[in-house]
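Chain by chain, the residues run as shown.
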There are 2 protein chains.
Amino acid sequence: MEQGRGGKGAGARGRPRSEAVERAIIEGVIKLVEDGVPLAELSIERIARTAGVGKATIYRRWSGKDEIFVDVLRSLEEPRAELPGTSMRDDLVVLVEHIRRRGLNMRSSAILHNVFAQMKSLPKLWEAYHTTVIDPQRRVVYDVLRRGAENGELRKDVDIVLANELFVGPMLVRTVLRPDAPLDEDLAERIVDTVLQGLRPQE
Amino acid sequence: MEQGRGGKGAGARGRPRSEAVERAIIEGVIKLVEDGVPLAELSIERIARTAGVGKATIYRRWSGKDEIFVDVLRSLEEPRAELPGTSMRDDLVVLVEHIRRRGLNMRSSAILHNVFAQMKSLPKLWEAYHTTVIDPQRRVVYDVLRRGAENGELRKDVDIVLANELFVGPMLVRTVLRPDAPLDEDLAERIVDTVLQGLRPQE
């Protein structure tokens with residue numbers, strides 16, 4: 001039942017990975033989802049047919065559907081934020097702004113919205129997305145906070161895990177939990193500066 | 001097809017609402033969900049049969065399934081938090097603690113977890129839950145923050161909407177977005193006090 005199967009017996013390992021083929025497969029999935037096919041109904045066979053490759057070509061690159069979907073999400077992500085490195089505050093603004101941009105993309109991109117909404121009822125995929133996309137981003141925030149504690153920009157008595165949540169939590173609430181809340185351009189800066197300064201009046 | 005239909009022609013309006021009947025209906029829904037029936041497949045007829053009432057008895061109280069589900073969720077909620085009123089800080093701790101408790105319930109109650117997970121793919125229900133349960137809670141936080149700004153406990157230059165998110169966002173991240181993150185007993189206090197004080201070192 002396979003069409004366009006290429007490289008049969010050519011030795012999958014050691015061959016240069018063809019990015020064009022991966023791109024075609026990922027775009028095939030995006031097209032199917034855009035056409036309204038639910039993730040749960042997407043078969044490797046159908047993805048292969050849409051991308052014009054054989055199933056074996058897909059299985060050489062991914063162990064299964066969940067792995068492909070994670071790469072689909074990754075392909076739709078904003079490129080990783082470049083940290084300016086000028087201060088903890090500036091790095092945090094860039095990282096929180098990254099979450100805002102993802103929220104904006106999610107609102108404007110039907111496909112991203114769609115894949116995300118469906119993913120929440122697919123726990124294995126949700127977990128894979130967190131392990132490969134979200135957790136590494138959180139570790140970047142932890143590193144920035146640790147550097148801040150070392151160079152005196154962050155109180156040393158505050159738990160890094162809690163500090164991360166104080167900075168990213170408010171933005172996540174607006175982007176993930178309140179899809180119609182405003183996402184003003186200066187929101188990342190306002191969150192970071194307000195959390196740094198505190199909400200108690202200073203005399 | 002109706003069983004146990006009572007009060008036919010008895011004049012629905014003006015009669016005292018029977019809390020026992022409502023309770024039986026809500027518990028019927030809970031039982032069905034516990035038995036693994038997906039929300040989308042729950043019909044008014046099946047709910048009526050399980051509760052031992054007629055469909056008309058249900059329609060006298062609720063306009064449809066979504067309204068019943070919201071009441072099911074409400075029946076599983078923690079009772080509304082009593083505000084101590086001693087200070088904005090103490091009131092906020094109680095309100096953030098309320099979110100922590102809801103998170104703990106969600107983790108320990110299969111039914112609550114189940115209804116919530118399913119609800120996310122039922123936008124009308126999700127919206128009704130927010131309008132009737134979540135939004136009023138948010139307004140309570142706004143009131144507490146406004147009183148705090150008036151009596152000098154909260155910086156007056158901070159937007160109330162943002163302030164709310166700074167206090168509740170970190171707890172929501174832990175309870176809703178990271179279902180395996182720890183929910184320590186002192187978490188509400190730590191969040192409120194840290195946000196009030198700020199994360200910048202004070203000399």
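Residues numbered from 1 in each chain as written. Chains lettered and ligands numbered in written order. Predicted model: local features only at pLDDT ≥ 70, side-chain atom pairs only at ≥ 80, totals over all residues. Heavy atoms only, no water.

If you check an unreviewed UniProt entry, chain A appears there as TetR family transcriptional regulator from Streptomyces lasiicapitis.

Observations concerning the interface of chain A and chain B
Where we set the bar: Two residues form a contact once any of their heavy atoms are found within 4.5 Å. Here the quantity called buried area is the total loss of accessible area, with a 1.4 Å probe, experienced by two parts when brought into contact, counted for both. One side-chain nitrogen of Lys or Arg within 4 Å of one carboxyl oxygen of Asp or Glu is enough to make a salt bridge. Between N or O atoms, a polar contact is any pair within 3.5 Å; within protein, one atom must be a potential hydrogen donor and the other a potential acceptor, and residues adjacent in sequence are included only when both atoms are from side chains. Elements are defined by DSSP. Helices are runs of H or I of four residues or more, strands are runs of E of two residues or more, and each kind is numbered from the N terminus.
The interface of chain A with chain B comprises 34 residues on the first partner and 34 residues on the second. Together, the buried faces of chain A and chain B total about 3400 Å²; carbon and sulfur atoms form 60% of this surface. Three residues, R155, R178 and L199 of chain A, lead the burial of chain A against chain B; their summed loss comes to 23% of the area buried on that side. Across the contact surface, chain A and chain B share six salt bridges. Notably, a salt bridge pairs E165 of chain B with R174 of chain A, separated by 2.6 Å at the nearest N-O pair. Our count for the contact surface shared by chain A and chain B stands at 18 residue pairs in polar contact (both at pLDDT 80 or more). Every element with two or more residues in the side of chain A that touches chain B is listed here: α8 (160-177) and α9 (187-197) of chain A.

Remarks on the pattern of salt bridges
Note the threshold: Only protein chains enter the area calculation, which uses a 1.4 Å probe; residues under 20% of their type maximum are buried, those over 50% are exposed, and those in between are partly exposed.
The full count for this structure, using the stated rule, is 34 salt bridges over all chains. The partner of R100 of chain A in a salt bridge is E97 of chain A, with the nearest N and O atoms 2.9 Å apart. Residue R100 of chain A and its partner E97 of chain A are located together in helix α5 (residues 88-108), separated by three residues, close to a single helical turn. Residue D143 of chain B is joined to R146 of chain B by a salt bridge in which the shortest nitrogen-to-oxygen separation is 3.3 Å. Remark: R146 of chain B and D143 of chain B occur in helix α7 (residues 123-150); sequence separation between them is three residues, near one turn of the helix. Take D143 of chain B: its relative accessible area is 39%, and that puts it in the partly exposed class. A residue is classified by how much of its surface remains accessible, and R146 of chain B, at 41% relative accessible area, is partly exposed. Because the salt bridges share partners, they merge into one network encompassing R89, D90, E189 and D193 of chain A.

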